[in-house]
Amino acid sequence: MSHLLSVRGTLPEHRYAQSEVTEVFADVLAPHKPNLPLLQRVHGNAGVEFRHLALPLDRYPELKDFGASNDEFIRVAVDLGVQAVEEALAAAGLTVRDVDLIVSATITGLAVPSVEARIAARIGLRDDVKRVPLVGLGCVAGAAGVARVHDYLLGHPGEVAVLVSTELCSLTVQRDDTSMANLVASGLFGDGAAAVVMVGADHPSLGQRRDDPDQPAPPRVLATRSRMYADTERAMGWDVGASGLRIVLGVEVPDLVRDNLRGDVDGFLADHGLTRDDIGWWVAHPGGPKVLEAMQDALEVDRHALGMTWDSLARIGNLSSASVLHVLADTLSDRPPAPGTHGMLLAMGPGFCLEMVLLNAPGA
C-alpha cells in the first residue's frame, strides 16, 4: 500500500461571482456577436457560484493570442504549484530534501521545461529528484496521478512522492468561438492547483505517526484501476490551433458516465471483495451538474453522497485535474472518514476514460 500524508489545494487570489465572469466573457466575445441570453442561461445552469481566476478580469481582453496566454500560464501555474507543494510538505512534516519523485499534471498550458521542473528549481528539490510530467489526461489526471504515484511507491516503498496539479482553465477560453462547448466551458471551469504528498509502506514517517497519539493514521491507497472506452476520442479534449486550445466537449459525456460507471465500479470492487455498500465516502471529480447527476444515477447514491463534490463545484468551479484533489482535501479536513471505512476516488476525462482509486481510512 501507499499512504496519503497530506493533500492541499491552492487558488489564485482573484475571486469573482459567476455573474461578473459572464459579463466580461460576453465582452470578450462581442466582435463575434454571442447570444447574451443563451450565455447567461448556460453560465447560470453550470452549478458554479464563484470562481478564482489566474488574472484580474480586466486583463483577459488584453490576451490577444496563444503566446500571451501561455506566458501567463507558466508564470501563474508555477507560483500556485510552488505554494501547493510547500504547504503539502509542511502539513506532512517533510522538507523539500525528502522528495524522491515529483509528478506534475496539467492540460491548460504548455511548458518546456515542464511545470514540475520549474517548481523543483524554485523550491530547491534535490538534483537527483525524479520527474514525471503528465500531459494530456485532462480532468482525469488528478485521480490518475494518485494512481500512478501509488504504482511507483509499490516498487519504492521507502520513498516520498509528490503529485502537483496546476490548471488555469480561464486562459484557454477562445474569443472567436461561439460554439456551445466554448460557452459551457467558459461558465464551468476555474483555476487552481493542488498537491498530494504520498509515501510508501516502509517510509519511517509512518512509524513515527503510529507512535504519536496526536497524529491520525493517514489514508491508504489499496488499489487502482483504469478504464478506456472504445470510439470515444472526440467526447472530450482539445483541438490545438493557431489561437490555442479549443475545447472539445461532447453532449454524450453524461450518457457515457451513466452507461458505464456502475459496471466498472462494481467489477473493480468485486475483485477486492467489496460492493458499493461498503464504500463510506465518495470523492468524485466535479465535471458539471449533468455529469454529477449521471454519477449519482450510476452509483445509485443520493446527492449527499457527492455533497463535497457539489460544494466544490459551487465554490470554485471545475478545475480540471486539480478539482478532484481539492475535493479530496475538503473531504479529509471537513468530513473526515470514519476509521476503518473505505472510500473511492473517481474521475473521468479525455480518452474517454475512467480512473478509480480504492482508499481506506485505517482503523482506530
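Everything numeric here is computed off the predicted structure, so don't read it as measured data. For every chain, the first residue of its written sequence is number 1, and the numbers climb from 1 along that sequence. Note on the predicted model: pLDDT of at least 70 is required for a residue's local features to be given, and 80 or more for side-chain atom pairs to be given and counted; whole-chain, interface and lining totals, by contrast, use all residues. The side-chain quantities take in all heavy atoms of the structure and omit both hydrogens and water.

**Observations regarding the UniProt feature "domain: Chalcone/stilbene synthase C-terminal" (unreviewed entry) in the protein chain**
UniProt positions are given in the numbering used here, feature names are shortened, and annotations may be inferred rather than shown by experiment. Under the feature "domain: Chalcone/stilbene synthase C-terminal" (unreviewed entry), the UniProt entry names residues 229–360. Every helix listed is a DSSP run of H or I at least four residues long, and every strand listed is a run of E at least two residues long, numbered separately from the N terminus. Along residues 229–360 the backbone is 39% helical and 26% strand, and the end-to-end C-alpha distance reaches 27 Å.

**Section: the pairing of strand E5 (residues 130–135)**
Should DSSP find at least two bridges between two strands, the strands are taken to pair. Bridging between strand E4 (residues 101–106) and E5 involves 6 bridges; their strand directions are parallel. Note that in E5 the partner of Leu-101 across the bridge is Lys-130. The definition of a right-handed crossover adopted here requires that, viewed with the strands pointing away, the path from the first strand over the helix to the second runs clockwise. Note that the unit made of E4, helix H4 (residues 115–123) and E5 has a crossover that is right-handed.

**Here we look at the sheet that holds strand E1 (residues 2–10)**
In space, the 9 strands of this open sheet follow the order E5-E4-E6-E7-E1-E8-E13-E12-E11, with mixed pairing throughout. Edge strands, defined here as strands with exactly one partner in the open sheet, are E5 and strand E11 (279–284). The mean angle between the axes of side-by-side strands here comes to 25°, regardless of whether they run parallel or antiparallel. What makes two residues a contact is simply this: any of their non-hydrogen atoms within 4.5 Å. As a rule, the C-alpha atoms of each element are fitted with a line to give its axis, helices using only the stretch in contact, and angles between N-to-C directions run from 0 to 180 degrees. Contacting E1, E4, strand E6 (160–168) and strand E7 (191–200), helix H3 (residues 66–92) crosses the sheet at an angle of about 135° to E1. Against the sheet, helix H5 (residues 141–155) contacts E1, E4, E5, E6, E7, strand E8 (220–228), strand E12 (342–349) and strand E13 (353–360), and its axis sits at roughly 120° relative to E8.

**What about the pattern of salt bridges?**
For this document, the term salt bridge refers to a Lys or Arg side-chain nitrogen within 4 Å of an Asp or Glu carboxyl oxygen. Using the criterion set out here, one finds 18 salt bridges in the structure. Between Glu-159 and Lys-130 there is a salt bridge whose closest N-O contact spans 3.2 Å. Note that Glu-159 is positioned in the loop between H5 and E6 and Lys-130 in strand E5, a separation of 29 residues in sequence. Burial here depends on accessible area, computed with a 1.4 Å probe over protein chains only, as a share of the maximum for the residue type. Under 20% is buried, over 50% is exposed, and the range in between is partly exposed. Using a relative accessible area of 18% as the deciding quantity, one classes Glu-159 as buried. For Lys-130, a relative accessible area of 33% gives the class partly exposed. In this structure, Arg-258 and Asp-255 form a salt bridge, with 3.6 Å as the shortest nitrogen-oxygen distance. Separated by 3 residues within a single helix, Arg-258 and Asp-255 lie in helix H8 (residues 253–270), roughly one turn from each other. Ionic contacts of the salt-bridge type, sharing partners, join the residues Arg-59, Glu-62, Glu-72 and Arg-75 into one network.

**Focus: the packing of helix H2 (residues 36–44) against helix H6 (residues 180–188)**
Where H2 meets H6, the closest approach of the two axes is 8 Å, and the angle between their N-to-C directions is 50°. It follows from the interaxial angle that H2 and H6 lie oblique. The handedness of the crossing between H2 and H6 is right-handed. In contact with Leu-38, Leu-39, Val-42 and His-43 of H2, H6 contributes Met-180, Leu-183, Val-184, Ser-186 and Gly-187. Put simply, angles under 35 degrees are roughly parallel, angles over 145 are roughly antiparallel, angles from 65 to 115 are roughly perpendicular, and the rest are oblique. Left-handed describes a crossing whose near helix is turned anticlockwise from the far helix through less than a right angle; right-handed describes the clockwise counterpart.

**With respect to the nonpolar core**
Side-chain atoms within 4.5 Å link the members of a nonpolar core, which is a set of buried Ala, Val, Leu, Ile, Met, Phe, Trp, Tyr and Cys residues. Grouped together as the largest cluster of nonpolar side chains are 42 residues, with contacts concentrated most on Val-85, Leu-89, Ile-119, Leu-125, Leu-168, Leu-171 and Val-197. Among the secondary structure elements, those contributing two or more residues to this core are H3, H4, E6 and E7. Setting aside chain neighbours within four positions, we find Leu-125 in contact with Val-96, Arg-97, Val-99, Ile-102 and Ala-120. Listed in part, the 40 residues of the second largest apolar core include Leu-188, Phe-268, Leu-269 and Ala-294.

**A look at empty space enclosed by the protein**
Cavities and pockets are found on a 1 Å grid laid over the protein atoms alone: a cavity is a set of points where a 1.4 Å probe fits but cannot escape, a pocket is an open set with protein on both sides within 12 Å along at least five of seven lines, and a lining residue has an atom within 4 Å of such a point. Grid points are joined across faces, edges and corners, and a volume is the space filled by probe spheres set on the points. Considering all chains together, one arrives at 1 cavity of 30 Å³ or more under this definition. The calculated volume of the largest cavity comes to roughly 200 Å³. Surrounding the largest cavity, 18 residues form its lining, Ile-107, Phe-189, Trp-238, Ile-247 and Ser-320 being those nearest its centre. Contributing elements (two or more residues each) for the lining of the largest cavity: H6, strand E9 (236–241) and strand E10 (244–249). For the lining of the largest cavity, a count of residues per class yields 11 nonpolar, 7 polar and no charged. For this classification, Asp, Glu, Lys and Arg are treated as charged, while Ala, Val, Leu, Ile, Met, Phe, Trp, Tyr, Cys and Pro are nonpolar and the rest, including Gly, are polar.

**As for the state of the cysteines**
Two cysteines form a disulfide when their sulfur atoms are joined by a covalent bond. Any pair of cysteine sulfurs within 2.5 Å is marked as a disulfide. Following the criterion strictly, the structure yields 0 disulfides and no others. Note on Cys-139: no disulfide assigned, nearest cysteine sulfur contributed by Cys-169 at a separation of 7.2 Å. Taking relative accessible area as the criterion, Cys-139 reaches 8% and is therefore assigned buried. Owing to a relative accessible area of 7%, Cys-169 belongs among the buried residues under this scheme.

**Looking at the layout of surface pockets**
Empty space within the largest pocket amounts to approximately 680 Å³. Lining the largest pocket are 28 residues; nearest its centre among them are Val-184, Leu-188, Leu-249, Pro-254 and Lys-290. Looking at the lining of the largest pocket, the elements that each hand over two or more residues are H2, H6, H8 and helix H9 (289–299). Tallied by class, residues from the lining of the largest pocket come to 20 nonpolar, 6 polar and 2 charged.

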